[in-house]
Structures are given as structure tokens and as C-alpha cells.
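# Coordinate analysis (summary)
Below are the chains, spelled out letter by letter.
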Amino acid sequence: MLPNPRLITMGDRALVIEFGDRLDPQLSARIAAAAQHLRASPPPGVLDIVPAYTTLALHYDPAVIGAGTTPYEALIEQIGAWLHEQADANLLPGRLVEIPVCYGCGLGEDLEDVARQHGLTPEEVATIHASTDYRVYLVGFVPGFAYLGNLDSRIVTPRSDTPRPHVPAGSVAIGGDQTGVYPLDTPGGWRLIGRTPVKMFTPESEPPCLLGAGDTVRFVPISRAEFDALSGNGA
Amino acid sequence: MNVLVLKPGMLTTLQDSGRNGYQHYGVPVSGAMDLFSHRVANILVGNSSDEATLEITLQGPRLEFDQDAVIAICGGNLSPVIGGDEVPEGKAVRLRAGSVLDFGACQAGCRSYLAVRGGFDVPKVMGSRSTYETAQLGGIHGRALRKDDRLPIGESDGDIYPDLDAELARSGRAFAFPKWAVNQHIGKLGRVPQVARIIPGRHWEAFPATARDALTGTEFRIAPNSNRMGIRLDGSAIELENPLEILSEAVTFGTIQVPPAGQPIVLMADRQTVGGYPKIAEVASVDLHLLAQLKPGDGLRFELVSLAQAQALWLAREQELMTIREAVEKHLAK
């Protein structure tokens, strides 16, 4: 049984609901379900609903919530009752999203180095990476960057001491015991093992991001020729 | 109608009240750093509150208006002039076609907001026109203004200040403005050192009393590497006795994060949606616009208030803005 959630203030226009204090897939599923439920019928004045590893934050407009004794108390009165009901709700199985990856292919610059560190071949690293289903715990850092947990311990690799000034969009990378895909060209310190031709962040689309917290991700290895065809680079 | 950018200024971006509803995808809220001045500027030109204004930082642009326009400038004073004549702040100003608005030395504050009647007609991205440069979202191609950009102005329904039209025609001057002005310096813009109220944060209790006393009892200076993401503070180091294991979670506008080196950062408009540093305090929303007007080297002190006080102050501020809107609307053409 999971403990009861705790309500914590975060300034005068946000609050944090803490569901637990450690990384746990079951906890994450409960947070994702709560986020989904709240998003389906948000209380008036709630502007943003932000799930993370152990928490769900609500950003709100105190002027819309209006006065109870204070807007905060008026909001937690609504949330508190709802959280109580929600405790026994069925957890929805998130979506399964398949992401094609060309491992190595001259695109994952650190693949050989990561393999060497673990006494594996690059092919073995790719096989291990693609044989686990990953949970999206959090989307943050930049738009569309999904933190994927439960990386196989055989390929857990620390971040670089010196981040690269430029990591190309689509880079599939390992950072400690997490993995993820860079949605934009940004600086980054994770180790690059491959690249996907799929766009992770498309601002003009709704939803703008391929992944959301609670989703499950499966990486599907593709060849360089398939990568080029899918990214529209020609054969 | 267009505004032509003759000179872009140091960092001039289109901003509105922010991109809400996408933080769970890691999309920052962005929006005006000084939302109060942004909102007052929109009110003065009769715009709805979700129109974008130009956020002008320290060194302003030179802009040419190709048609008659009604503008308002609020916030920091960056010496706006037209044809060498000072353009007043906190007022609606009626311009002639061909006017060139130029900005000069920074006399007060750090950021000035320019609203144009009709709003800037650029597409909304995820519900907002705010520029977020890191992901190239919103504004003009997701970036700050450049020389020769053309900023399209939206349609508006005719003359809202007929008295100013008449005065402009009579006077033969380049621009006209009313006698009345809005008190746009609510909250003591020029106070030295500036004072911002704070509420204890998520990890307040985890910091030793000496660190909490240093936060509330000593003066900080705005560090030069401050920007739209965060204001970095030089001064007393704020340190934990033992490091905290923190899993990343949401942060907000005004969160005061303390990285291990002990230099606090106040998270501002372009903050990331989540963070993993201890959060010692949160700046009361009612004072965030004061922080937005601080420039590197300026002094800042913090004063502790309760959540209930901060929310009451915020509701009072919202009421003040309603009063300002009602007062301005009395002057608008029916």
C-alpha cells in the first residue's frame, strides 16, 4: 500500500502533492493516473499539472480560485477530498510508444566507449538497451525531454564530466541509470549511443511532444539505411 | 500596419502573459519578466490582457511605425524619444505614421515594455506569443528582434483616444499624450536596496538557522550572469550542513534554488519546468516585477512573510490592476 499523499506549498501560486520519497514504478503510475484524471477535469484556476518522480505539482491562479480563508486553503479543500477518493482508483496502463533507433551508425558517438567501459561489444550494448521497456518518469530539462528509468545495470554509465556544447536532436543517450532522447539541438552531458529519425517535439502539433509521464517506451533497432529513409535523407 | 526594426537593441523579445498548460511536456512558461508593467502597457492601449508586448532589455531598439499608432511604454526607464522629444511612460501615446521611436540610456530599472494598440500579430505557439529562444518558440521566428524585422500589428477598431487625434492634428507635433498617467511604479521600483518578500520554501527547514538568517538578514547583489531564466545572487553563501538527496520536481516563478556552491538563484520567466536543487524559499508573486527590474550590481534584501499574507497581497494587486483598467476605460472612446 502506498502512503497517503502530502500537500506542500510552493509559493503563493503553486502546490506540490508528494506521493512518496523514492523512485518506484508503482508510485510513478499513481502520479501519472492522478495527473491524467486532474487534466481531464481540472479544478477552475489550475493552469499547469506537472508530474515528476515522486510528486505532482499544480500551478494555479489565486484570483480565479478566489478566497476561502485563502486561495491555497480553498484549493486543497477540493484536492484533498479528490485525492482521498483517487487513492483506490485503478491505475491506467500508459501508452506504449515504439521509437526506432539506429545504434552507432556513425551517429552515436559514444557507443564504442560505453561498450568498452562495460567490457561489452557495441552490438551487445544496443541489444541490452533495446530489450527493456522504459517508463517515462518525467518530462523536463528542455521541451519534450523524457527521463526514462530502469536502465539495465549492465549499461549504467556516468555522464561526461564536460558536457558537449552541441548534441543533435534525436540523439539517444545514457545518463547514469536513465536513458532518453534529446528533442532539440542543445548542450548535454549524456553519453550518445544512437539516433532516432522520429521527432520528439513538434511545437505546432497537439500534443507537441511524443512522450508524456506514464508512457512506456520501447526502442526498436533500425539500420542506417532505414534511418536515412525515415529521416527523409534519401538512400 | 508594421513596425520596422531599424536597430534591435540588446535583447528585445515579444512576450505575453506566458505559455501555460504545457509544463508537463517540459515547455517553460516564459512570458514577460515584469508581468505588471506588461499588463499596464496593454491596458493603456486598450488591448486585451493576452496581447504580446515588446520586452526591451537595458539597451533599447530603434523602431519605425509605418502608420498612425497608439502605444504605451511601462516599466524600466530606457529614455524613449521620438524626434529628440522624450516620450512619457505610463501613458497612452498617439504617434504619426513615419515616427521613429528610439531608446537611450537606462535611467531606472532594467526592462521596458512597449504595447501597441492592436497587439503584435504573430502566430500563437502552444497558446502563446511569448518568445522562448532555447527552443525557438513564439515571437518572431522564436528569437530576439534583428535589424530589418517587420513586426505586424493586428487590426483594431478605430480611434480609441479621439481627443489625442484632435490634439495631434492641432499641434503639428510628432506625438500626443493625455495629462493623466497610470501610477505604474506601484511597489517602489527604484528602492535601494530593493526588498522582495519571500515565503519559506520546500527545504526551508533543512537549512541551518545561520543560512536562513543570512537569506533574510543580509544584502545580496544581482550577479552579471543573471538572465531571463534566473537571477543569480552574490553575497552570503547559503549552505546546507548535509547534502540533501533530491529527486527533480516542479519549480515555479520565484523559486529560490540553492546549488551546492551556495549562490542562490531566483527562477524567473524562462526557468526550466523542473529542478533538482534545494528550494529554500519562494518570492511572493506580488514582488516578482521588482526583481525583473534589477540589473547586475543592484542590491536586494529579502523579508519573510506567510503564505496567507503573500496571497492577500497578490489578490490586492489583481484588484489594483482591475481599478487601473476601469480608470483607463473611462477615457476610451465608446
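Residues numbered from 1 in each chain as written. Chains lettered and ligands numbered in written order. Predicted model: local features only at pLDDT ≥ 70, side-chain atom pairs only at ≥ 80, totals over all residues.

Turning our attention to the overall build of chain A. Broken down by element type, chain A carries six helices and 13 strands. In chain A, buried positions account for 44% of the 235 residues. Considering only contacts within chain A whose residues lie at least 6 apart along the sequence, 60% involve residues at least 24 apart. (Helix = DSSP H or I, 4+ residues; strand = E, 2+ residues; numbered from the N terminus. Buried ≥ 20, exposed ≤ 12 C-beta atoms within 10 Å, placed from the backbone. Contact = placed C-beta atoms within 7 Å.)

With that out of the way, let us pick up the overall build of chain B. Looking only at helices and strands, chain B features five helices and 21 strands. A compact globule built from 334 residues should have a C-alpha radius of gyration of about 20 Å, and chain B, at 20 Å, falls within 12% of that. Overall, chain B is about 70 × 35 × 35 Å in size when its C-alpha atoms are taken along their principal axes. Across chain B, contacts joining residues at least 24 apart in sequence account for 77% of those joining residues at least 6 apart. (Rg over C-alpha atoms; globule rule 2.2 N^0.38 Å.)

All names here are of chain B. Spatially, the six strands line up as an open sheet ordered β2-β3-β10-β5-β8-β12, and their pairing is antiparallel. Two strands in the sheet have a free side with no partner beyond their single neighbour: β2 (11-15) and β12 (175-176). Judged from the six bridges that link them, strand β5 (residues 69-77) and strand β10 (residues 108-116) form a sheet pairing that is antiparallel. If you follow G75 over to β10, its bridge partner there is S112. (Pairing = 2+ DSSP bridges.)

Looking now at the pairing of strand β13 (residues 194-200) of chain B. Residue and element names in this part refer to chain B. Taken across its seven residues, β13 has five buried, putting it largely inside the fold. Both β13 and strand β20 (residues 279-283) contribute to a ladder of three bridges, which runs antiparallel. By the bridge assignment for β20, P200 is matched with A281.

A word on the packing of helix α4 (residues 111-118) of chain A against helix α5 (residues 122-130) of chain A. Residue and element names in this part refer to chain A. The interhelical angle for the contact between α4 and α5, taken along N-to-C directions, is 90°, at an axis separation of 8 Å. In terms of orientation, α4 lies roughly perpendicular with respect to α5. Contacts between α4 and α5 involve L111, E112, V114 and A115 on the former and, on the latter, P122, E124 and V125. Split into classes, the residues belonging to the contact of α4 with α5 amount to five nonpolar, no polar and two charged. (Axes fitted to C-alpha atoms, helices over the stretch in contact; angles between N-to-C directions. Parallel < 35°, antiparallel > 145°, perpendicular 65-115°, else oblique. Nonpolar A, V, L, I, M, F, W, Y, C, P; charged D, E, K, R; others polar.)

Tallying the contact residues gives 41 residues for chain A and 35 residues for chain B. With five residues, the single largest contributor to the side of chain A that touches chain B is strand β3 (residues 46-51) of chain A. Taken together, the residues of the side of chain A that touches chain B sort by class into 29 nonpolar, nine polar and three charged.

This next bit is on the nonpolar core. With 161 residues, the main nonpolar core has I71 and A72 of chain B as its most contacted residues. Those residues within four positions of I71 of chain B in sequence are excluded, and the remaining contacts are V45, V93, L95, L114, A115 and V116 of chain B. (Core = buried A, V, L, I, M, F, W, Y, C linked by C-beta atoms within 7 Å.)

Residues and elements named next belong to chain B. Taken together, seven strands build a closed barrel; the order of strands is β13-β20-β17-β18-β15-β14-β21 and the barrel is mixed. When the angles between neighbouring strand axes are averaged without regard to direction, this sheet yields 40°. As defined by bridge partners, strand β14 (residues 220-222) adjoins strand β15 (residues 230-234) across two bridges and the pair is classed as antiparallel. Among the inter-strand pairings, I222 is bridged to a residue of β15, identified as L233. The sheet contacts of helix α3 (residues 209-217) involve β20 and β21 (299-304), and relative to β21 the element is tilted by about 120°.

What follows is about the packing of helix α1 (residues 35-44) of chain B against helix α5 (residues 307-329) of chain B. Residues and elements named next belong to chain B. Orientation of α1 relative to α5, taken along the N-to-C sense of each, is 20°, at an axis distance of 9 Å. The pairing of α1 with α5 is recorded here as roughly parallel in orientation. Crossing angle aside, the handedness with which α1 passes α5 is right-handed. Taking contact as the criterion, the partners of R39, V40, I43 and L44 in α1 are, on α5, L321, I324, R325 and V328. Here the contact of α1 with α5 is composed, by residue class, of six nonpolar, no polar and two charged. (Left-handed = near helix turned anticlockwise from the far one by under 90°.)

One turn of the α-helix equals 3.6 residues, which is why residues spaced by three or four share an orientation. All names here are of chain A. Taking 1.5 Å as the rise per residue, helix α1 (residues 25-40) with 16 residues should run 22 Å; its terminal C-alpha atoms sit 22 Å apart, in good agreement. Looking at α1, one finds that the buried residues are S28, R30, I31, A32, A34, A35 and L38. Buried residues along α1 sit in contact with β3, β4 (55-60), α3 (71-86) and β6 (134-139). (Expected span 1.5 Å × (residues − 1).)

All names here are of chain A. Counting buried positions along strand β2 (residues 14-18) yields four of five residues, so the element is predominantly enclosed. Where strand β1 (residues 6-9) meets β2, four bridges bridge the pair, whose relative direction is antiparallel. Counted as the bridge partner of R6 is E18 from β2. Once β1 ends, the chain turns through four residues before running back antiparallel as β2, passing G11 with a positive phi of about 70°. In this sheet, β4 lies alongside β2 in antiparallel orientation, the contact comprising five bridges.

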